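Residues per chain are reported as follows:
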Amino acid sequence: MKFFKHSSLALAFLLASAIPAMASITVYSPSNNAQVSTQFTLNAVSASCSNQPVSAMGFSLDSSSNTTVVHSTSIDATVSASSGSHTLHVKAWGNAGAACVTDVAVTVSTSASTTGGITVSSPGNNASVSSPFQLSATAPTCSSQPVSAMGYSIDSGSTTIVHATSINTNVSSSSGAHTLHVKAWGNSGASCMTNVPINVGTATTSTSSTTSSPSSSTSGTTIQGITVSSPGNNATVYSPFVLNAAATYCSSQAVSAMGYSLDSSSSTAIVKSTSVSASITAAAGAHTLHVKSWGNGGSSCVANIAINVASGTGSTTTSSGSTSTTSSSGVTISSPLNGASVGSPFTVSGNAPTCSSQTVTAIGYSLDSGATTIVNGTSINEQASASSGSHTLHLKAWNGSGTVCTASETINVTGSSTGSGGTSSTASSVVPSYATTVSSIQALSGWVAQNDPATGGSSSGWMSLVNSPSLSGNSRQFNSSFTNSSGEIYHVTFGDDTSATNFFYDGWVYIANSNSNIANIEMDMNQVMPNGQTAIYGFQCDGYSGTWDYTKNAGSPTSPNDTWVHSGASCNPRNWSVNTWHHVQISYSRNSSGYVTYHSVWLDGHESQINATVPSAFALGWGPVLLTNFQIDGRGSGSNTVYLDKLTVSRW
């Protein structure tokens, strides 16, 4: 998670000009009057502040003037504090200027549970926590064996296992006294466990706040933990209208997916994320929109929103005139220019502060009669692809009531651009229609950060889901700090298919501010095959050699030697533009023996053919799993921030 240390006059004014009002900040961890360690986890959410949609959250400790802020409706942060009693101030800010705060009293002790090589930094021994609570633990070794997996259970319940040397996750439990069992397994069969007694209470929810006088406000609807910011309940909207909703927990379980359906339709659109942003088409008349969420333990929740779809559309006229900026209904298209000839992909940029005199909550674009790409906010800067020929570009904006405003223009696509050493092609044509696709992987819960010991030095990292910068409205932010050019690995499990032999990796990467201290960007996937061995699909943009690299097992499955191989295709992350999205797509396959063929890689639509087949089977003793790694290797000592969005893996 990237935190912004704000010292701006705008925020200073916001904090200083507050008057009492109502708010809703829910702090899941730590609970009020909890005993915590010197580094403890803050986990809190806030959908609205004084009836304004929340645009940022933050925290400070005691009387410190230093407030840490994250631009999101939730915050998941590690807080450091000295021993003794403290007051944690958890804050939220609305999009029209409201400011809210709830105070949580904590007592910091220096003890962390360490047994058998397992260190549990949170929760502390005999800690009072709410459900769900944050479990943070590490175990590099168990009985002198390198750890291959960790897990946890509560009392006599089932064990949850991750193939990593650390755990950082939310755990749900009923109220009362419990024993948390944190476990680790060595790579030669050793097992270790430490027991942490805890007392589970309820979450801290604020009922008071401070706020500046709002200039405008937009109501949201919260039902069963689902906050629907658009459309409002009983709103009148045009078709298509925008659904914007989020849910962190469902029946005390961390949300793993959301979706929606209309009226009595049996068709539910589902995304594996804690938020959903969609453009929905409906006939004129009264409808019920069912917004749904599912917890990671099987719970299901639903919020029913009554809407009335009006006849007609919210759009007005289209600007005319060759190569001029297009503006209509408050929507302005700044790029491409009207009547322009462009290559593919091209940049779509524009803005819309208001729509029908109301503040815009989302903006998007479509080509001709195609699907709409939507982002939260009042501006857009996206890469779009199109076939050669004439097209109509529609830029759309939605306000909090669901009204849509549109500006349209005509462009001429002259063909796909090509880059040095690459050729243009349609990467998505690689994926057959019958492929199984997992999308929004960056938004899945369960991502884990850890140092890559093979890179030397030391590193640390933290993550957060953010809505800016973002293509989908839900990108994952990776903040890495490092010494001696070390690398930080971020990984998550997204399935367990042993039979698939073809894969297509598709994601968007954004380097914030500077790329000078980034050595490599690594995008891997691991798959356990039917014979129990693991196929490792390792791939990276190598800033040292200036090439795309892939891995091979230079040893044998039982005595592996994982080795990088330089391809003939050029790539250097320090040549990537900063503060813009880059599209990375990789095609690879395997045979039954674990020989992997790396076919092609596309960067921003430019194909580089690899066409290399290498052995890549490893006898790791894993259970069935599909896992992806996203790794950032540093240069020297310092820190960097990288975002990942719209991560999709297709298999067949």
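Located above this text is the structure these notes cover.
Because the structure is predicted, anything quoted here is derived from the model rather than measured.

Some words on the packing of aromatic side chains
Overall, the coordinates contain 13 aromatic pairs when judged by the stated rule. Centroid distance Trp-447 to Phe-478: 5.7 Å. Interplanar angle 65°. Geometry classified as edge-to-face. Here Trp-447, found in the loop between β45 (436–438) and β46 (448–452), pairs with Phe-478, found in strand β48 (residues 475–483); they are 31 residues apart in sequence, far enough to count as distant. Each member of the aromatic cluster is reached from another via a ring pair, and the members are Phe-503, Tyr-537, Phe-539, Trp-548, Tyr-550, Tyr-588 and Tyr-598.

Considering the pairing of strand β52 (residues 534–537)
Along β52, one buried face is formed by Thr-534 and Ile-536 and the opposite face, lined by Ala-535 and Tyr-537, is buried too. Relative to β52, strand β51 (residues 518–528) runs antiparallel, the two being bridged by four bridges. Each residue of the ladder has a partner; that of Val-528, found in β52, is Thr-534. From the end of β51 to the start of β52, which pair antiparallel, there are five residues, and Gly-532 there has a positive phi angle of about 90°.

Here's the deal with empty space enclosed by the protein
Per the counting criterion, the structure on display carries three cavities of 30 Å³ or more. Taken as a whole, the largest cavity encloses approximately 100 Å³ of empty space. Ser-29, Val-36, Ser-122, Pro-123 and Val-129 are, among the 17 residues lining the largest cavity, the residues nearest its centre. Among the residues making up the lining of the largest cavity, the classes are represented as seven nonpolar, 10 polar and no charged.

Quick word on the pattern of salt bridges
All chains considered together, the criterion is met by one salt bridge. Across the pair Arg-651 and Asp-497 runs a salt bridge, and its minimum N-O distance is 2.8 Å. Within this pair, whereas Arg-651 is found in strand β61 (residues 638–651), its partner Asp-497 is found in the loop between β49 (487–495) and β50 (502–511), the two being separated by 154 residues in sequence. Both residues of the pair, Arg-651 and Asp-497, belong to the buried class.

Concerning the state of the cysteines
Taken as a whole, this structure holds five disulfides when the rule is applied. A disulfide bridge connects Cys-250 with Cys-301, and the sulfur atoms are separated by 2.0 Å. Linking Cys-250 and Cys-301, the disulfide has an S-S dihedral of approximately 100° and is accordingly described as right-handed. Remark: Cys-301 occurs in strand β33 (residues 300–309) and Cys-250 occurs in strand β28 (residues 249–250); sequence separation between them is 51 residues. Since its relative accessible area comes to 0%, Cys-250 is described here as buried. Residue Cys-541 pairs covalently with Cys-571 via a disulfide, S to S 2.1 Å.

Remarks on unusual backbone geometry
Between Ser-468 and the following residue, Pro-469, the backbone shows a cis peptide bond with an omega angle of -5°. Note that Pro-469 resides in the loop between β47 (458–466) and β48. Residues other than glycine seldom take positive phi values, yet Asp-62 does so here, at roughly 55°. When you line up the elements, Asp-62 lands in the loop between β7 (52–61) and β8 (68–70). Asp-62 sits in the partly exposed class, given a relative accessible area of 31%.

Some details on the nonpolar core
Counting 47 residues, the largest nonpolar core has Trp-447, Trp-548, Trp-576 and Phe-630 as its most contacted members. In terms of nonpolar packing, the next biggest core, distinct from the first, is built from 25 residues, Phe-40, Cys-49, Ala-92 and Ala-98 among them.

Considerations on the environment of Ala-245
As for its placement among the helices and strands, Ala-245 is situated in strand β27 (residues 241–246). For Ala-245, a relative accessible area of 7% translates into the label buried. Counting along the chain gives 198 residues from Ala-245 to Ala-47, while the straight-line C-alpha distance between them is 9.6 Å. For Ala-245, the contacting residues outside a window of four places in its chain are Thr-227, Val-228, Met-258, Ser-275, Val-276 and Val-291.

Topic: the pairing of strand β21 (residues 191–201)
Going residue by residue along β21, you find Cys-192, Thr-194, Val-196, Ile-198 and Val-200 tucked away on one face and Ser-191, Met-193, Asn-195, Pro-197, Asn-199 and Gly-201 left uncovered on the opposite face. Sheet topology note: the strand β14 (residues 127–130)/β21 ladder contains four bridges and is parallel. When the bridges of β21 are listed, Ser-128 appears paired with Asn-199. With 10 bridges connecting them, strand β20 (residues 176–186) and β21 associate as antiparallel partners. Bridging from a neighbouring strand, His-178 pairs with Ile-198 of β21. In textbook terms, the turn of a hairpin is the stretch between consecutive antiparallel strands, and for β20 and β21 this stretch comprises four residues, one of which, Gly-189, has a positive phi near 110°.

About the thresholds
- Residues numbered from 1 in each chain as written.
- Predicted model: local features only at pLDDT ≥ 70, side-chain atom pairs only at ≥ 80, totals over all residues.
- Heavy atoms only, no water.
- Phe/Tyr/Trp six-rings, centres within 6.5 Å; stacked < 30°, edge-to-face > 60°.
- Helix = DSSP H or I, 4+ residues; strand = E, 2+ residues; numbered from the N terminus.
- Buried < 20%, exposed > 50% of the residue type's maximum accessible area, 1.4 Å probe, protein only.
- Pairing = 2+ DSSP bridges.
- 1 Å grid on protein atoms, 1.4 Å probe; cavity = no way out; pocket = protein on both sides within 12 Å on 5 of 7 lines; lining within 4 Å.
- Points joined across faces, edges and corners; volume = space filled by probe spheres on them.
- Nonpolar A, V, L, I, M, F, W, Y, C, P; charged D, E, K, R; others polar.
- Salt bridge = Lys/Arg side-chain N within 4 Å of Asp/Glu carboxyl O.
- Disulfide = S-S within 2.5 Å.
- Core = buried A, V, L, I, M, F, W, Y, C linked by side-chain atoms within 4.5 Å.
- Contact = heavy atoms within 4.5 Å.

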